[in-house]
Amino acid sequence: MKLWRTPLDAEKVRVPHGVVSVIIERCKGCSFCVEYCPRDVLIISRNFNKKGYHYPEVVSEGLCVDCNLCEDICPEFAIYSDPVENTPAPATKENT
Amino acid sequence: MSTAPAKAAPVERKELHHPKDTMLREDRLPHIWCPTCGIGTAVSCFVEALRETNIPEEKVAVVSGIGCTGRVAGYVNLDSFHTTHGRAIPFATGLALAKPDMKVVVFSGDGDLVAIGGNHIINAARRNMNITVICINNFIYGMTGGQCASTTPQIAKTSTTPTGNTDYPFNVPYLMDACGATYIARWTVLHIRRLKKAMGEALNKKGFSFIEVIAPCATLYARRNRLGTGFDLMKFYHDNSEIQHGADTKMVDIGFQEKIICGKFVDIDKPTFLERYRGETNGGGK
């Protein structure tokens, strides 16, 4: 994320991270998760599942902030994110 | 000329378990609802709301009628019953009276609740039965082939009104308000967090609580009216829904592709049927 300046509480705020999992065979390719993901973690895969739908695929895994929006909006119960326990150190001026 | 496509690498298929699977009948999934149908999202919100309210699962019953939304009873891993068309509310009324400690949730569609079961819903609201009603409004009879429903907006095309609907639709929150429901809210399936919160509030509410959920029907309503896919309808909700908490329910009717007013319209406390019947209250007050 691009910031104008380093936030004053950047040392304290730890951005959560998540790992997205897709249950491929349940997906019906509605693309809600891809379109509404706030961090653009997903794209529509070129592959098909067994029923012939293009399922979502994780392209930028490190960006997921475990907001669970994909899990809540998915009408098929086919996608969810799990929090990563060892959240990396908060972003500072040096490592962004 | 491009090279022959390489054999697709076998996709790793490890056993995945969705966190909501414990509340769903996993063996029945994937469900029958069409791609981009909003009912699945509403069920997802309901399951999450139920988990957050900490009501024990054995104390919740889900009753559905007939229709696309009627299938919800078959997918939730709770005590559930799939009743005949329009009769979800009478069944739920009986259940709520026989088991007053149970939370009875009616999860059904607009055609089932407002059209065919219209008499039941107005009388259950009038008596202030202790049930929660979640009405998925997709403006059409989905399962039977897209016939005109009592909530279809004027000029919308359906298979029985191919030149456009001439009737005025029901303004369901106004109807429920007039009948005396204690909690009335309307959200689209795009408002997932607010819908979840409203469902939690409705589940904790004593008396007749009603939530209208606007959901896209891509296969029939959107196709017949040339509105694109369900995702286009979601974009429409994003651009055209307006949140007005406490709005006058008289003003919240929905026109064809017009502004959708969402929010919590009514939240009052009234003695329920059972409390009045048992004489636990003397008239008004809680």
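Anything mentioned here points back to the structure above.
Before going into details, it helps to say that this report is about the structure given with it. (Residues numbered from 1 in each chain as written. Chains lettered and ligands numbered in written order. Predicted model: local features only at pLDDT ≥ 70, side-chain atom pairs only at ≥ 80, totals over all residues. Heavy atoms only, no water.)

Assigned secondary structure in chain B consists of 10 helices and 10 strands. Computed over its C-alpha atoms, the radius of gyration of chain B comes to 20 Å, within 12% of the 19 Å expected for a compact globule of 286 residues. By principal-axis analysis of the C-alpha atoms, chain B measures approximately 85 × 50 × 35 Å. Looking at chain B as a whole, 56% of its 286 residues qualify as buried. Taking all contacts inside chain B whose residues are at least 6 apart in sequence as the whole, residues at least 24 apart take part in 68%. Side chains of chain B give 33 positive and 27 negative charges; the mean places of these two sets differ by 2 Å. (Helix = DSSP H or I, 4+ residues; strand = E, 2+ residues; numbered from the N terminus. Rg over C-alpha atoms; globule rule 2.2 N^0.38 Å. Buried < 20%, exposed > 50% of the residue type's maximum accessible area, 1.4 Å probe, protein only. Contact = heavy atoms within 4.5 Å. Lys, Arg positive; Asp, Glu negative; His and termini not counted. Charge placed at Lys NZ, Arg CZ, Asp CG, Glu CD.)

The next subject is the nonpolar core. Of all hydrophobic cores here, the largest spans 61 residues; its most connected members are B:Val43, B:Phe46, B:Phe107, B:Met199, B:Val213 and B:Met234. No other element matches helix α1 (residues 39-53) of chain B, which puts eight residues into this core. Every residue in contact with B:Val43, bar those within four places of it in the chain, is listed here: A:Phe77, B:Leu24, B:Trp33, B:Val72, B:Val76 and B:Phe107. One finds B:Val106, B:Cys135, B:Leu175 and B:Met176 within the second-largest nonpolar core, a separate group that totals 31 residues. (Core = buried A, V, L, I, M, F, W, Y, C linked by side-chain atoms within 4.5 Å.)

With 32 residues of chain B in contact, the opposing surface of chain A contributes 29 residues. When residues of chain B are sorted by the area they lose upon contact with chain A, B:Leu16, B:His18 and B:Phe231 head the list and together hold 22% of the total. Connecting chain B to chain A are six salt bridges. Counting across the interface, chain B meets chain A through 12 residue pairs in polar contact (both at pLDDT 80 or more). If you tally residues by element for the side of chain B that touches chain A, the top one is α1(B), at five residues. Its residues assigned to classes, the side of chain B that touches chain A comprises 16 nonpolar, eight polar and eight charged. (Buried area = accessible area lost by both parts, 1.4 Å probe. Salt bridge = Lys/Arg side-chain N within 4 Å of Asp/Glu carboxyl O. Polar contact = N/O pair within 3.5 Å; in protein donor to acceptor, adjacent residues only side chain to side chain. Nonpolar A, V, L, I, M, F, W, Y, C, P; charged D, E, K, R; others polar.)

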